[in-house]
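What follows is the residue order along each chain.
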Amino acid sequence: MLELDNIAAGYGKLQILHDMSLRVRPGELVSVVGANGAGKTTTLRVISGLISALSGAVTYEGEPLTGLRPHQIVRRGIVQVSEDRDLFGPMTVEENLVLGAWTRRGVRMTQELERIFELFPILAERRKQAAQSMSGGQQQMLAIGRALMAKPRLLMLDEPSTGLSPKLTWDVLKAVAAIRDTGVSVLLIEQNAAQALSISDRAYVLESGTIALEGPGKELAGDERVKKAYLGL
Ligand code: ATP
């Protein structure tokens, strides 16, 4: 469904990604784990069209994404939740969710909201509350819920565990696995390797802008190199 082939990318003269390749198949939950600064966020920026690759190809559903603007990529069905969540703080939970459907015409809003509330019951309870008055975990769920309102076929999450306790991280990651179970493909970027690998169908370890290892999530979690470098074992 999504293929990155031999991508080089960076900022000005600073090259961050070197010959980076990865793929996400339909219905898969794929993680990219790696240290701070390895290039995880840069990878998402290349896919969502925020920066252009210097070389290599990004292909989605058989067609190149090269040259498309970010909003065109959203319309193709790829939606990203960024690390800082980008919520409209003074607006209510429900208003934030409704904004997520901006790319869609003729949406039956009540039905769509119900779909999100089923996945995140806490958002139903807090629907009339200002987004900024919610806890970090609830805000992360809202950011993911808002992205789902755009009906993505591929959902990309940048470090959803940022600022969350291990317990809340689990809650969020379990919801991410449930989203995959509804048929949405997920590309998850996480520093929190242990938890990310445990829910992933497949995963990649990114080191200094290059894929160092790849494999089924559970297999990577058992890999000696991964254990030492990322799981603190
Ligand atoms: P983190 O967990 O810190 O977000 P990451 O793996 O997501 O790590 P990136 O955000 O992709 O890493 O950053 C990779 C490198 O690119 C870092 O050295 C960072 O300082 C640099 N970088 C990121 N954004 C920019 C930018 N807009 N301009 C210049 N350099 C940048």
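Since the model is a prediction, treat every value here as computed from it, not as a measurement.

(A) Molecular detail of the sheet that holds strand S3 (residues 29-33). Judged by pairing direction, the sheet is mixed, and its 6 strands sit side by side in the order S6-S7-S8-S3-S9-S10 without closing on themselves. With partners counted over all chains shown, the strands left at the sheet margins are strand S6 (78-81) and strand S10 (210-216), one partner each. On average, each strand axis in the sheet is tilted by 15 degrees relative to the strand beside it, whichever way the strands run. When S3 meets strand S8 (residues 185-190), the two strands line up parallel, connected through 5 bridges. Paired with Val 32 across the two strands is Ile 189, which belongs to S8. Across the sheet, helix H6 (residues 136-148) touches S6 and strand S7 (154-158), and the angle it forms with S6 is around 165 degrees.

(B) Expanded view of the sheet that holds strand S5 (residues 63-64). Pairing within the open sheet is antiparallel, and its 4 strands lie in the order S2-S1-S4-S5. For this open sheet the edge positions go to strand S2 (14-24) and S5, each flanked by a neighbour on one side alone. Note: strand S1 (residues 2-11) against S2, 7 bridges, orientation antiparallel. Its bridge partner lying in S2, Ala 9 is registered against Leu 17. Set on the sheet, helix H1 (residues 40-47) makes contact with S1, S2 and strand S4 (55-60); between it and S1 the angle comes to about 115 degrees.

(C) Broad picture of the confidence of the model for the chain. Per-residue pLDDT for the chain averages 93, and the proportion of residues at 70 or more is 100%. For this predicted complex, the interface score ipTM comes out at 0.92, while the overall pTM is 0.93.

(D) Molecular detail of the site of the ligand. Around the ligand there are 14 residues in total, and Asn 36, Gly 37, Lys 40, Thr 41 and Thr 42 lie nearest to it. The contact in question runs from an oxygen atom of the ligand to an N or O atom on the backbone of Lys 40, over 2.8 Å. The contact in question runs from an oxygen atom of the ligand to an N or O atom on the side chain of Gln 191, over 3.1 Å. For the ligand, whose accessible area on its own is 630 Å², the fraction buried by protein is 62%. Looking at the shell around the ligand, the elements that each hand over two or more residues are S2 and H1. For the shell around the ligand, the element with the highest residue contribution is H1, accounting for 4 residues.

(E) The arrangement of the side chain of Gln 140 in detail. On the secondary structure map, Gln 140 appears in helix H6. Dropping the residues within four chain positions of it, Gln 140 is found in contact with Val 81, Arg 85, Pro 160, Leu 164 and Val 172.

(F) View of the layout of surface pockets. Roughly 510 Å³ of internal volume is contained in the largest pocket. Every element with two or more residues in the lining of the largest pocket is listed here: helix H2 (70-75), S6 and H6. Per-class residue counts for the lining of the largest pocket are 13 nonpolar, 5 polar and 3 charged. Residue contributions to the lining of the largest pocket reach at least three from each of two domains, namely domain 1 (2-77 + 152-230) and domain 2 (87-150). The calculated volume of the second largest pocket comes to roughly 210 Å³. Along the wall of the second largest pocket there are 16 residues; nearest its centre are Ile 51, Ser 52, Ala 53, Thr 66 and Gly 67. Counting residues per element, the lining of the second largest pocket draws most heavily on S4, at 4 residues.

Reading the values: rules and limits
Residues numbered from 1 in each chain as written. Predicted model: local features only at pLDDT ≥ 70, side-chain atom pairs only at ≥ 80, totals over all residues. Heavy atoms only, no water. Pairing = 2+ DSSP bridges. Helix = DSSP H or I, 4+ residues; strand = E, 2+ residues; numbered from the N terminus. Axes fitted to C-alpha atoms, helices over the stretch in contact; angles between N-to-C directions. Contact = heavy atoms within 4.5 Å. pLDDT = per-residue confidence, 0-100. Near = heavy atom within 4 Å. Polar contact = N/O pair within 3.5 Å; in protein donor to acceptor, adjacent residues only side chain to side chain. Areas by Shrake-Rupley, 256 points an atom, 1.4 Å probe, with all protein chains shown as cover. 1 Å grid on protein atoms, 1.4 Å probe; cavity = no way out; pocket = protein on both sides within 12 Å on 5 of 7 lines; lining within 4 Å. Points joined across faces, edges and corners; volume = space filled by probe spheres on them. Nonpolar A, V, L, I, M, F, W, Y, C, P; charged D, E, K, R; others polar. Domains from an automatic or database assignment.

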